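For reference, the chains in residue letters:
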Amino acid sequence: MRLSIPFFIGFTLVSLSDATTLEKRQTANQITTVNLADNTGTPAHLASGFIYGIPNTLGQIPNSFYQNIGFNYGRASGAQLAEPARGWIFGLTEFKNRFESAVANYDTARTFNAKFVILMNDLWGADGTQPAGSVFPGDDGDWDNYNSFLVNVIAGINSNNMFTGVAIDIWNEPDAGTAFWNGNQEQWLTMWNMGYETLRSAFGTTIELFGPTLAGAPETTNTWWTTFLAQIASSNTIPDAYVWHLEGSVHPNDDLQTNIPILDSMLSQHGLGTKPIVIDEYGVFAEQCPGGSAWWISRLERFNVPGLRGNWLSGTELHDFMASLLWKPDPTDATATGYFTNGDYQVYQYYNLNMTGHRVATTGSIDRLMDSYATVGTDKVRILVGGRQVTGTWQVTVDSLSTVGLPTSGTLDITTWQFSFTGSHTGDVGLPTNLGVVAHTYSGNSVSFPIFQTDTTTTWAFEFNVA
Ligand SMILES: *[C@@H]1O[C@H](CO)[C@@H](O)[C@H](O)[C@H]1NC(C)=O
């Protein structure tokens, strides 16, 4: 961070009134920085996954919609499908019908070489819509039912050759009250061991096993985490990735920057090594807009963590619209087409198609409310910024301009693109708007310019030519 350096060093005035505004309103903790000298590798579009959002009919959403955002991670297993596809607790036929939906979505994912996560709770039928009093694995000490379920899941995976890029979430969000589990922690841990050992012996390491897949992020006071870590250490049932969800609120704990050091210290306390992290649900509905998505992209890219957008639609809409990136004229008709992109989609498309070259290191603002993701291509530097449901003034500082062949002082022409969220999640929005070029004078090998955030959803990309 550049805390010790007065923020106006290297700062360029857009106009006198901008400068006045900034001096009055801006503090050092509202600066997001880009370091052009720190190459962090080839873009892998770590944020271009989403849960559900794929119709059962192959090709219903045209391929280009997936391809243009670099779709690379799916997760689905028939949640909320109606009778006769309600899952295991409604009998074998309803299980098989629900499993077919997982297979169809897996096939779509494979079309794009995307990884895919199977959810055991949804195959069971515990998808949040199950009737009160529904049976769960191990209820009344009966594990036969769960074992028989496992046999059928394994048979389904084998007979459909679901072996490429597949992971299994052993259970989704057991800690989310009674939405997906009956709330009993010990029973969950017993199931974890049985599920882990049975699936591991069936598939070896061909299929990854994900856990604990909690709604809550790792915290030393969260007993779902502490008991889980103690158990996997003692029984050697260690998941292939540590998985949790970041769908809380705009809170420091709903942030990888907080979570990762805490997880690392909890792992070492339990004598466990690190593993990859996957956030297989990220973002609340209000954050699924250009600003929020760019903020999440910045975070996931910085920590090299694959992330899948959460999905806040239900019923047949849960199985459509690529987790609120698309809409169509007749949304209640599950098989209707005529898809169009919303403003949020345009951020992911720009991230995938335009932000080429190599990634460079960025830092989020100290207040954690503004962040940036940046790439250096053969033609341009591209910086995507995103705020976390905020209005106000922030600043971008780009350091080490000489790394891209620019002089250490001079004037730099920066183009601004605006990503609007017109019409919200159901709006029909095309490419971002070119707001034109502003010439920024700079010195000290560093240029700074303001972001005026007047609403909580719109966001921006800044581009300038490399020399
Ligand atoms: C992104 O790339 C496309 C294809 O080259 C181009 O048409 C579009 O103008 C670019 N968008 C921005 C914001 O640079």
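Here goes a summary of the coordinates provided. Sequence positions are assigned chain by chain, starting from 1 and proceeding in written order. Only residues with pLDDT of 70 or above have their local features reported here, since the model is predicted, and side-chain atom pairs are shown and tallied only from 80 upward, although totals for entire chains, interfaces and linings are computed over all residues. Excluded from the side-chain calculations are hydrogens and water; all other atoms, namely the structure's heavy atoms, are used.

## A look at empty space enclosed by the protein
In this approach a probe as big as a water molecule rolls over the atoms, and the regions it shows empty are the leftover space.
Phase 1 of the analysis: Both site types are read off a 1 Å grid over the protein atoms alone. A 1.4 Å probe that fits but cannot get out defines a cavity, while an open set with protein on both sides within 12 Å along at least five of seven lines defines a pocket; lining residues have an atom within 4 Å of a point. Grid points are joined across faces, edges and corners, and a volume is the space filled by probe spheres set on the points. If you walk through the whole model with that rule in mind, you get 2 cavities of 30 Å³ or more.
Phase 2 of the analysis: Estimated volume of the second largest cavity: approximately 40 Å³.
Phase 3 of the analysis: Residues were grouped as follows: Ala, Val, Leu, Ile, Met, Phe, Trp, Tyr, Cys and Pro as nonpolar; Asp, Glu, Lys and Arg as charged; and all remaining residues, including Gly, as polar. In terms of residue class, the lining of the second largest cavity is built from 4 nonpolar, 3 polar and 2 charged.

## Remarks on the site of the ligand
Phase 1 of the analysis: The immediate surroundings of the ligand are formed by Tyr 350, Asn 354, Trp 417, Pro 432 and Glu 463.
Phase 2 of the analysis: Here a polar contact is recorded for every N or O atom pair within 3.5 Å, except that within protein the pair must consist of a potential hydrogen donor and a potential acceptor, and residues adjacent in sequence are included only if both atoms are side-chain atoms. Side-chain polar atom of Asn 354 to an oxygen atom of the ligand: 2.4 Å apart, as the coordinates give it.
Phase 3 of the analysis: Here the accessible surface of atoms and residues is derived via Shrake-Rupley with a 1.4 Å probe, and residues count as covered only by protein chains that are part of the display. Contact with the protein chains hides 52% of the accessible area of the ligand, taken as 360 Å² for the molecule alone.
Phase 4 of the analysis: A class-by-class count of the residues in the shell around the ligand yields 3 nonpolar, 1 polar and 1 charged. Nearness here has a simple test: a residue counts as near a molecule or strand if at least one of its heavy atoms is within 4 Å of that partner.

## Considerations on the sheet that holds strand β13 (residues 370-376)
Phase 1 of the analysis: When DSSP finds two or more bridges between a pair of strands, those strands are recorded as paired. Under the DSSP-based scheme used, a helix requires at least four consecutive residues in state H or I and a strand at least two consecutive residues in state E, with every element numbered from the N terminus. Taken in spatial order, the 9 strands of this open sheet run β17-β16-β19-β14-β13-β12-β1-β15-β18, and their pairing is mixed. In this open sheet, the two strands that pair with only one neighbour each are β17 (433-442) and β18 (446-453). The average angle at which neighbouring strand axes cross in this sheet is 25°, direction not considered.
Phase 2 of the analysis: Sheet topology places β13 next to strand β14 (residues 380-387); 7 bridges connect them, and they run antiparallel. Bridge pairing in β14 links Ser 372 to Val 385. Here an angle of 0 to 180 degrees is reported between the N-to-C directions of two axes, which are lines fitted to C-alpha atoms, with helices fitted over the stretch in contact.

## Looking at the packing of aromatic side chains
Aromatic rings in a pair are described by how distant their centres are and how their planes are angled relative to each other.
Phase 1 of the analysis: Here a Phe, Tyr or Trp ring, Trp counted by its six-membered ring, pairs with any other such ring whose centre lies within 6.5 Å, and the pair is stacked when the planes are under 30 degrees apart, edge-to-face when over 60, and tilted otherwise. Evaluation of the coordinates by the stated rule reveals 32 aromatic pairs.
Phase 2 of the analysis: When the centroid spacing of 4.7 Å and the interplanar angle of 25° are considered together, the rings of Tyr 66 and Phe 112 count as stacked. Residue Tyr 66 is found in helix α2 (residues 63-67), and its partner Phe 112 is found in the loop between α3 (92-111) and β4 (115-119); the two are separated by 46 residues along the sequence. The pair Tyr 66 / Phe 112 is uniform in exposure class, with both members buried.
Phase 3 of the analysis: Placement of a charge over a ring requires the Lys NZ or Arg CZ to be within 6 Å of the ring centre, with the centre-to-atom vector within 35 degrees of the ring normal. In this structure, Arg 388 packs its charged tip against the face of Trp 295, placed 4.1 Å from the ring centre. Relative accessibility thresholds used throughout: buried, under 20% of the residue-type maximum; exposed, over 50%; partly exposed, between the two (1.4 Å probe, protein chains only).

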